Amino acid sequence: MSENAFLVVQDRPYGAGVVAARALAEGEAIADLRHCVTADTPSIYTIDVGDRHIDGPQVRYLNHSCAPNVYVDAERLEARALRPVAVGEELAFFYPSTEWDMVGPFDCLCGAADCLGTIAGARAAAPEALRRHVLNRHVAERVEAQQATVGARQATVGAA
């Protein structure tokens, strides 16, 4: 596990965030999430890890991006760099990769070419947008179930 991989900063356009304290290699573990606390209720600061929501300094300031450089692995309870990250670069992950429904949907300010616009969780995202990202199993399974339901409805309407 990387020591001192990130620093909390207060100067993001949308509040506090975290930046890389040093260069990070692709695949490098940047945060151990096993020591996060289980939240009593989901909030805008918690991360859904499948069977519960977690909170703590390791996740509190990881912001969203539609072009993420971090993946939050809900099964291994760690955050990893998706690609090389430069010193001072903001660390951000794709919120719908962990969140089916979000407590506080928001208008995204990431500026990515393929920005989703409004971030409300995987349920509200277009399937083609979700396919561009690595999703955690608990989200991917719900996406598959949703698509199966939509497909069944379309087949029923087409048969009528």
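It should be noted that the structure appears before, not after, this text.
Calculation criteria
- Residues numbered from 1 in each chain as written.
- Predicted model: local features only at pLDDT ≥ 70, side-chain atom pairs only at ≥ 80, totals over all residues.
- Heavy atoms only, no water.
- Phe/Tyr/Trp six-rings, centres within 6.5 Å; stacked < 30°, edge-to-face > 60°.
- Buried < 20%, exposed > 50% of the residue type's maximum accessible area, 1.4 Å probe, protein only.
- Core = buried A, V, L, I, M, F, W, Y, C linked by side-chain atoms within 4.5 Å.
- Helix = DSSP H or I, 4+ residues; strand = E, 2+ residues; numbered from the N terminus.
- Pairing = 2+ DSSP bridges.
- 1 Å grid on protein atoms, 1.4 Å probe; cavity = no way out; pocket = protein on both sides within 12 Å on 5 of 7 lines; lining within 4 Å.
- Points joined across faces, edges and corners; volume = space filled by probe spheres on them.
- Nonpolar A, V, L, I, M, F, W, Y, C, P; charged D, E, K, R; others polar.
- Salt bridge = Lys/Arg side-chain N within 4 Å of Asp/Glu carboxyl O.
- Disulfide = S-S within 2.5 Å.
- Contact = heavy atoms within 4.5 Å.
- Polar contact = N/O pair within 3.5 Å; in protein donor to acceptor, adjacent residues only side chain to side chain.

Peer 1: Teacher, can you tell me more about the packing of aromatic side chains here?
Peer 2: For any pair of aromatic rings, geometry is given as the distance between the ring centres together with the angle between the planes. This model, assessed by the stated rule, comprises 2 aromatic pairs. The interplanar angle of 50° and the centroid separation of 4.9 Å between the aromatic rings of Phe-93 and Tyr-95 together place this pair among those described as tilted. The exposure class of Phe-93 is buried, given its relative accessible area of 2%. Measuring from ring centre to ring centre gives 5.9 Å for Tyr-95 and Phe-106, while their planes differ by 80°; the resulting arrangement is edge-to-face.

Peer 1: In this structure, what is going on with the nonpolar core? I would like to understand it.
Peer 2: It is characteristic of soluble globular proteins that their nonpolar side chains tend to be buried jointly. Ranked by size, the top nonpolar core spans 28 residues in total, and within it Leu-24, Leu-33, Ile-54 and Leu-91 carry the most contacts. At the level of elements, β2 (15–20), β3 (29–32), β8 (70–73) and β9 (78–81) are the ones that each hand at least two residues to this core. Counting residues in each nonpolar core, the second largest holds 8 residues, with Phe-94, Ala-122, Val-139 and Val-143 among its members.

Peer 1: I keep staring at the sheet that holds strand β5 (residues 47–48) and nothing clicks. Help me out?
Peer 2: Strand pairing in a sheet is mediated by backbone hydrogen bonds. Such pairs are either parallel or antiparallel. The sheet built from 3 strands is open, its strands ordered β4-β6-β5 with antiparallel pairing. Every interior strand has two partners, whereas the edge strands, β4 (37–38) and β5, have only one. Pairing geometry for β4 and strand β6 (residues 53–55), over 2 bridges, is antiparallel. Paired with Val-37 across the bridge in β6 is Asp-55.

Peer 1: What should I look at first to understand the layout of surface pockets in this one?
Peer 2: Summary: where empty space remains is shown by rolling a probe the size of a single water molecule over the atoms. In this model, the largest pocket occupies a volume close to 690 Å³. Taken together, 31 residues make up the lining of the largest pocket; nearest its centre are Ile-44, Asn-63, His-64, Tyr-95 and Phe-106. Mapped by element, the contributors of at least two residues to the lining of the largest pocket are β2, β7 (63–64), β10 (92–93) and β11 (106–107). Counted by class, the lining of the largest pocket contains 18 nonpolar, 8 polar and 5 charged residues.

Peer 1: Can you help me understand the pattern of salt bridges in this one?
Peer 2: Side chains that carry opposite charge are capable of pairing whenever their charged atoms lie near each other. On inspection of all chains with the given rule, the structure shows 9 salt bridges. Asp-55 serves as the salt-bridge partner of Arg-60, at 2.4 Å between the closest nitrogen and oxygen. We classify Arg-60 as partly exposed; its relative accessible area is 30%. Across the pair Arg-123 and Asp-101 runs a salt bridge, and its minimum N-O distance is 2.8 Å. In this pair, Arg-123 is assigned in the loop between β12 (118–119) and α1 (127–130) and Asp-101 in the loop between β10 and β11, connecting sequence segments 22 residues apart.

Peer 1: Would you mind showing me how to read the state of the cysteines here?
Peer 2: Disulfides are covalent bonds that link the sulfur atoms of two cysteine residues. Evaluation of the coordinates by the stated rule reveals 0 disulfides. Of all cysteine sulfurs, the one in Cys-110 lies closest to Cys-108, which takes part in no disulfide; the gap is 3.5 Å.

Peer 1: So what exactly am I meant to see when it comes to the side chain of Glu-28 here?
Peer 2: Within the secondary structure layout, Glu-28 lies in the loop between β2 and β3. Given a relative accessible area of 18%, Glu-28 falls into the buried group.

Peer 1: Honestly, the environment of Arg-80 in this entry has me stumped. Any pointers?
Peer 2: Here Arg-80 lies in strand β9. Judged by its relative accessible area of 27%, Arg-80 is partly exposed. In contact with Arg-80, not counting residues within four places along its chain, are Gly-27, Glu-28, Ala-29, Ile-30, Asn-69, Val-70 and Tyr-71. A distance of 2.5 Å separates polar atoms of two side chains, one belonging to Arg-80 and the other to Glu-78.

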